[in-house]
Amino acid sequence: MTQVGVTVNGEMREADVEPRTLLVYFLRESLGLTGTNVGCDTSSCGACTVLLDGESVKSCTMLAAQVDGRHITTIEGMASDGALHPIQEAFHRNHGLQCGYCTPGMIMAAASYLNENPTPTEEEVRESLEGNLCRCTGYQNIVESILDAAGQMTGADA
């Protein structure tokens, strides 16, 4: 067993895990954070996307031991003081989901991308989502949600 200590959603968490434990299973099974979904286990779908030190990563491709001492944000950590994050609000407002399975990963990927590019074009948003798959929608409402969130977040900064 390997001890892993990581700050998750602002809280220091520790657990003993097998060295081969994937980050997605560490989050779901050891820490009880089930908002991060297991999709393909091959990094193709993006359902398991989380932020690692502020950058989006697919948690099915990382070992829990690799994140020792680092900072992770999951979908559960996006809301603050009971208020949804602007990206979450925009997904709700623009109907950016259907079944919702891909939504946590989409939101986490969008958060990372909007941090890099706070005023994207529609084409740039579409390109940024190439590693996140949705099997229910045509992506239009997802893209509209991210563009809406960008406007909200940029407006809040002004």
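Residues numbered from 1 in each chain as written. Predicted model: local features only at pLDDT ≥ 70, side-chain atom pairs only at ≥ 80, totals over all residues. Heavy atoms only, no water.

1. Quick notes on a negative patch on the surface
So the rule is basically this: Only residues above 30% relative accessible area that lack a salt bridge enter a patch, with like-charged residues linked at up to 9 Å and the nonpolar side chains Val, Leu, Ile, Met, Phe, Trp and Tyr linked at up to 5 Å. Working definition of accessibility: Shrake-Rupley area with a 1.4 Å probe, residue cover restricted to the visible protein chains. By definition here, a salt bridge exists when the distance from a side-chain nitrogen of Lys or Arg to a carboxyl oxygen of Asp or Glu is within 4 Å. Here the positive residues are Lys and Arg and the negative ones are Asp and Glu; neither His nor the chain ends is included. Note on charges: their place is set at NZ of Lys, CZ of Arg, CG of Asp or CD of Glu. Under the scheme used here, helices are H or I runs from DSSP no shorter than 4 residues and strands are E runs no shorter than 2 residues, and both carry numbers assigned from the N terminus.
On the surface, Glu 123, Glu 124, Glu 127 and Glu 130 cluster together to form a negatively charged patch. When you line up the elements, Glu 127 lands in helix H4 (residues 122-128).

2. Quick look at the side chain of Asn 94
Filter applied, for reference: Working rule for contacts: check all heavy atoms of both residues, and any pair within 4.5 Å makes them a contact.
Tracing the backbone shows Asn 94 in the loop between helix H2 (86-93) and helix H3 (103-116). Once residues within four sequence positions are removed from consideration, Asn 94 is found in contact with Asn 141, Glu 144, Ser 145 and Asp 148.

3. Some points on the sheet that holds strand S1 (residues 2-8)
The condition is simple: Pairing between strands requires that DSSP locate at least two bridges from one strand to the other. In this description, a line fitted to the C-alpha atoms serves as the axis of each element, helices being fitted only across the stretch in contact, and the angle between N-to-C directions of two axes falls anywhere from 0 to 180 degrees.
Judged by pairing direction, the sheet is mixed, and its 5 strands sit side by side in the order S2-S1-S5-S3-S4 without closing on themselves. Of all strands in the sheet, those bounded by a partner on one side alone are strand S2 (11-17) and strand S4 (55-58). Averaged over all pairs of adjacent strands, the angle between their axes in this sheet comes to 40°, without regard to strand direction. Pairing of strand S3 (residues 49-52) with S4, which is carried by 4 bridges, proceeds in the antiparallel orientation. Paired with Thr 49 across the bridge in S4 is Lys 58. Helix H1 (residues 23-30) rests against S1, S2, S3 and strand S5 (71-73) of the sheet, and its axis sits at about 105° to S2. Packed on one face of the sheet, H3 meets S3, S4 and S5 and runs near 40° to S3.

4. Observations regarding the nonpolar core
Definition in use: We call a set of buried residues a nonpolar core when its members are Ala, Val, Leu, Ile, Met, Phe, Trp, Tyr or Cys and they connect through side-chain atoms within 4.5 Å of each other. Relative accessibility under 20% of the residue-type maximum defines a buried residue, over 50% an exposed one, and the middle range a partly exposed one, all with a 1.4 Å probe and only protein chains included.
Among the nonpolar cores identified, the biggest contains 22 residues, and Ile 87, Phe 91, Met 106, Leu 114, Leu 129, Ile 142 and Ile 146 are the most heavily contacted of them. Looking at this core, the elements with two or more residues in it are H2, H3 and helix H5 (140-157). When residues in this core are grouped by element, the largest group, 7 residues, is from H3. Ile 146 has contacts with Phe 91, Ala 110, Leu 114, Val 125 and Leu 129, leaving out every residue within four places of it along the chain.

5. A look at the pairing of S1
Among the 7 residues in S1, 5 count as buried, and that is most of the element. In this structure, the hairpin formed by S1 and S2 is closed by a connection of 2 residues, where Asn 9 is found at a positive phi of approximately 55°. Bridging between S1 and S5 involves 2 bridges; their strand directions are parallel. What sits directly across from Val 8, in S5, is Ile 72.

6. Details of empty space enclosed by the protein
The test is simple: Here a cavity denotes a set of grid points, spaced 1 Å apart and computed over the protein atoms alone, in which a 1.4 Å probe fits but from which it cannot get out, and a pocket denotes an open set meeting protein on both sides within 12 Å along at least five of seven lines; residues with an atom within 4 Å of a point are reported as lining. Grid points are joined across faces, edges and corners, and a volume is the space filled by probe spheres set on the points. By the convention adopted, Pro, Cys, Tyr, Trp, Phe, Met, Ile, Leu, Val and Ala count as nonpolar, Lys, Arg, Asp and Glu as charged, and the other residues, Gly among them, as polar.
A complete count under the given rule lists 1 cavity of 30 Å³ or more for this structure. The volume enclosed by the largest cavity comes to roughly 30 Å³. Across the lining of the largest cavity, the residue classes tally to 4 nonpolar, 3 polar and 2 charged.

7. Some details on the layout of surface pockets
For the largest pocket, the calculated volume is near 170 Å³. Taken together, 16 residues form the lining of the largest pocket, with Tyr 101, Cys 102, Leu 133, Cys 134 and Arg 135 sitting closest to its centre. Among the residues making up the lining of the largest pocket, the classes are represented as 10 nonpolar, 5 polar and 1 charged.

8. Section: the state of the cysteines
Threshold: For this text, the term disulfide refers to a pair of cysteine sulfurs within 2.5 Å.
Under the defined criterion, the tally for this structure stands at 0 disulfides. Cys 99 takes part in no disulfide bond, and the closest cysteine sulfur to it belongs to Cys 136, at a distance of 3.7 Å.

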